[in-house]
Amino acid sequence: MWAIAFLCCGLLLLPAVAQDVASARLGETPAKQLFGVAKSPAPMAAQAIGFYSRGCLAGALALPVNGETWQAMRLSRNRNWGHPALIAFLERFAAKVAQVSDWSGILVGDMAQPRGGPMSSGHASHQIGLDADIWLTPMPKREFSREEREKVSATMIVRPDRLDVDAKVWTPSHVAVIKAAAQDPEVERVLVNAAIKKALCRDASGDRSWLQKVRPYWGHDYHMHVRIGCPAGSPDCQPQDPVVPGEGCGKVLDWWFSEGNIHPKPPKVPPKPKPPILLKDLPAACRDVVLAK
């Protein structure tokens, strides 16, 4: 009976004990490592689990790398996965863009990993399959090669002084594309650089209610971050607080262009790095997502 035992740390362990040791080590491993190695989705019912910046994703679908009105970028990252509701939104939105602007379609950057969860680089959110980065660069009329998808850069929209958009690249189509995203009923937030928000406030005409969903945030100067709400069938999805009322224009934007924000001084004492998120820090269901075969 001892022949089936496992050797661990110099000790002979029965299978049940070895499983406990493996579970303990699973809990000690940074979650970004556990989710980062998954190459395929968890074969489970589709669910967004947890919060946008602390959760995971079951039953993900991959956005096809090519569509009539979209192309997925940076394929080597394997981050073109999302909840089926996000895939449906992107396909719907891409078709809309071709109707309301002079763009042929959209270029889609990072979405989520096959099983969601924390990423090794680039994002604090994008963990539950409901976030997508959409480049503020129109899709070309030809198909990019895989090499081009790794090397082509998105267009920098913000002026070098960070106080406004670059008039040489900003067009009415940018307004139309961002407006189309914000007007989709499933979209909760559209995050853009404050300079882009400032330009939208200046250039929007007619119905301006959609501006409420467009929020300024650091970075996001060459893409917009679109976030949809918790979908049906995801009881463990934690919704975000509603956006604050109003357009978010005028004086409420002034802080983003203050000297301390545009040119921040380095702290006297460098902040300590945050400890990595562990599997135990995520919703309990994420353990099943990691282990699902």
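In short, a report on the structure. (Residues numbered from 1 in each chain as written. Predicted model: local features only at pLDDT ≥ 70, side-chain atom pairs only at ≥ 80, totals over all residues. Heavy atoms only, no water.)

1. A few points about the nonpolar core
Then, in step 1: Core analysis: the biggest nonpolar cluster contains 51 residues, and Phe 93, Ile 178, Ile 196 and Met 224 have the highest contact counts within it.
Then, in step 2: It is helix 3 (residues 84-100) that provides the largest number of residues to this core, a total of 8 residues.
Then, in step 3: The residues touching Phe 93, leaving out its near neighbours within four places in the chain, are Ile 106, Ile 134, Val 177, Ala 180, Ala 181 and Met 224.
Then, in step 4: Membership of the second largest hydrophobic core comes to 15 residues, among which are Ala 31, Ala 58, Leu 279 and Val 290. (Core = buried A, V, L, I, M, F, W, Y, C linked by side-chain atoms within 4.5 Å. Buried < 20%, exposed > 50% of the residue type's maximum accessible area, 1.4 Å probe, protein only. Helix = DSSP H or I, 4+ residues; strand = E, 2+ residues; numbered from the N terminus. Contact = heavy atoms within 4.5 Å.)

2. Comments concerning the state of the cysteines
Then, in step 1: Evaluation of the coordinates by the stated rule reveals 3 disulfides.
Then, in step 2: In this model, Cys 56 is linked to Cys 286 through a disulfide, with the two sulfur atoms separated by 2.1 Å. As the torsion about the S-S bond is roughly -95°, the Cys 56-Cys 286 disulfide counts as left-handed. Taken together, the residues Cys 56 in strand 4 (residues 54-58) and Cys 286 in helix 8 (residues 285-291) connect sequence positions 230 residues apart. Residues Cys 56 and Cys 286 agree in their burial class; the two are buried.
Then, in step 3: The side chain of Cys 230 participates in a disulfide bridge whose partner is Cys 237; the two sulfur atoms lie 2.1 Å from each other. Sign of the S-S torsion, about -75° for the bond between Cys 230 and Cys 237, identifies this disulfide as left-handed.
Then, in step 4: Under the relative-accessibility criterion, Cys 230 is labelled partly exposed at 30%.
Then, in step 5: Counting only the cysteines that form disulfides, in the order they appear in the protein chain, gives the pairing 1-6, 2-5, 3-4. (Disulfide = S-S within 2.5 Å.)

3. A look at the pairing of strand 10 (residues 131-135)
Then, in step 1: Counting buried positions along strand 10 gives 5 out of 5 residues, so the element sits mostly inside the fold.
Then, in step 2: Pairing between strand 10 and strand 13 (residues 223-228): 5 bridges, direction antiparallel. Bridging from a neighbouring strand, Asp 133 pairs with His 225 of strand 13. (Pairing = 2+ DSSP bridges.)

4. Let's talk about the side chain of Asp 110
Then, in step 1: Secondary-structure assignment places Asp 110 in the loop between strand 9 (106-108) and strand 10.
Then, in step 2: Assessed through its relative accessible area of 6%, Asp 110 is described here as buried.
Then, in step 3: Among the polar contacts listed, one links the side chain of Asp 110 to the side chain of Arg 79, at a separation of 3.0 Å.
Then, in step 4: Among the polar contacts made by the side chain of Asp 110, one reaches the side chain of His 123 at a distance of 2.8 Å.
Then, in step 5: Once you skip the residues sitting within four places of it in the chain, Asp 110 turns out to touch Arg 77, Arg 79, His 123, His 126, Asp 131, Ala 132 and Asp 133. (Polar contact = N/O pair within 3.5 Å; in protein donor to acceptor, adjacent residues only side chain to side chain.)

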